[in-house]
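# Understanding the architecture of this molecule
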Amino acid sequence: SSFADLGLDELQRIASNCKACRLCEQRNNVVFGEGNTNRPLVAFVGEGPGADEDAQGRPFVGRAGQLLNSAITKGMGLKREDVYICNVVKCRPPQNRAPLPDEIEKCSNYLFRQLEIIQPKVIVTLGQPAQFALSGIEVGITKLRGNWQNWRGFKLMPTFHPAYILRNQAAKRPFWEDLQAVMSEVGLNK
Ligand code: URA
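The text that follows walks through the structure, step by step, so that each part is easy to find.

The rules behind the values
- Residues numbered from 1 in each chain as written.
- Predicted model: local features only at pLDDT ≥ 70, side-chain atom pairs only at ≥ 80, totals over all residues.
- Heavy atoms only, no water.
- Salt bridge = Lys/Arg side-chain N within 4 Å of Asp/Glu carboxyl O.
- Helix = DSSP H or I, 4+ residues; strand = E, 2+ residues; numbered from the N terminus.
- Pairing = 2+ DSSP bridges.
- Near = heavy atom within 4 Å.
- Polar contact = N/O pair within 3.5 Å; in protein donor to acceptor, adjacent residues only side chain to side chain.
- Areas by Shrake-Rupley, 256 points an atom, 1.4 Å probe, with all protein chains shown as cover.
- Contact = heavy atoms within 4.5 Å.

In this section: the pattern of salt bridges. Enumeration over the complete set of coordinates arrives at 10 salt bridges. Of the charged contacts, one joins Glu 34 and Arg 58 as a salt bridge, the two residues approaching to 2.9 Å between their closest N and O atoms. Here Glu 34 is found in strand β1 (residues 34-35), whereas its partner Arg 58 is found in the loop between α2 (51-56) and α3 (63-75), with 24 residues between them in sequence.

This part is about the sheet that holds strand β4 (residues 122-126). Hydrogen bonding along the main chain pairs the strands of a sheet, whether they run parallel or antiparallel. In space, the 6 strands of this open sheet follow the order β1-β3-β2-β4-β6-β5, with mixed pairing throughout. Every other strand in the sheet has two partners, leaving β1 and β5 (149-151) as the edge strands with one partner each. Strand direction decides the pairing type here: β5 and strand β6 (residues 154-159), joined by 3 bridges, are antiparallel. From the neighbouring strand, Trp 151 faces β6, where its bridge partner is Phe 154.

A few words on the site of the ligand. Every residue lining the ligand is accounted for by Gly 46, Glu 47, Gly 48, Glu 53, Pro 59, Phe 60, Asn 87 and His 161. Contact between the ligand and Phe 60: an oxygen atom at 2.9 Å from a main-chain N or O atom of the residue. At a separation of 2.7 Å, a nitrogen atom of the ligand approaches a polar side-chain atom of Asn 87. Computed on the free molecule, the ligand has an accessible area of 240 Å², of which 91% lies beneath the protein chains in the complex.

The next subject is the environment of Gly 146. Relative to the assigned elements, Gly 146 resides in the loop between α6 (141-144) and β5. Residues Gly 146 and Pro 174 lie 28 residues apart in sequence; the distance between their C-alpha atoms is 7.7 Å. Residues in contact with Gly 146, not counting those within four places in the same chain, are Met 157, Pro 158 and Asp 178.

Okay, structure coming up:
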């Protein structure tokens, strides 16, 4: 992909000035990603910043973030800073709409390089847009979740988005089952 020679700091510096799509117009902060950048067991990839993330410049710090934090700490027994957390699009879509295909295409160049640099043991995509950005498969997340994929040699587990789980209690158990499959894969005790 593009940015092939860049390190993470340089990539973030370029992203922080990015004007490749319309999402730059209304953003307060570019939300690049954070966490363990040195071969973490897991890299979580969400959809895009919401209002809280746009205000703070950090991924998953709102309500969906609290659910993700609890899955990471209480569920998986890790600390949030042990994993890497980022999004497909780095700027908030207006009214939290789903990112458009051209926005995903432009911004996924950052995501691809990010993942190649940090070399996670497993990638967990949260929700449909993240799954689509990495696999290009236009099938609903309900069908795809729980089934391992391969992205450029990395194991990838698609699952539901935490915001979806907040609205649909029935999604909680499959979400947890998917995280348990990830835990087995990376050698975490259940
Ligand atoms: N939802 C996302 O997809 N990403 C965030 O960073 C926060 C909420």
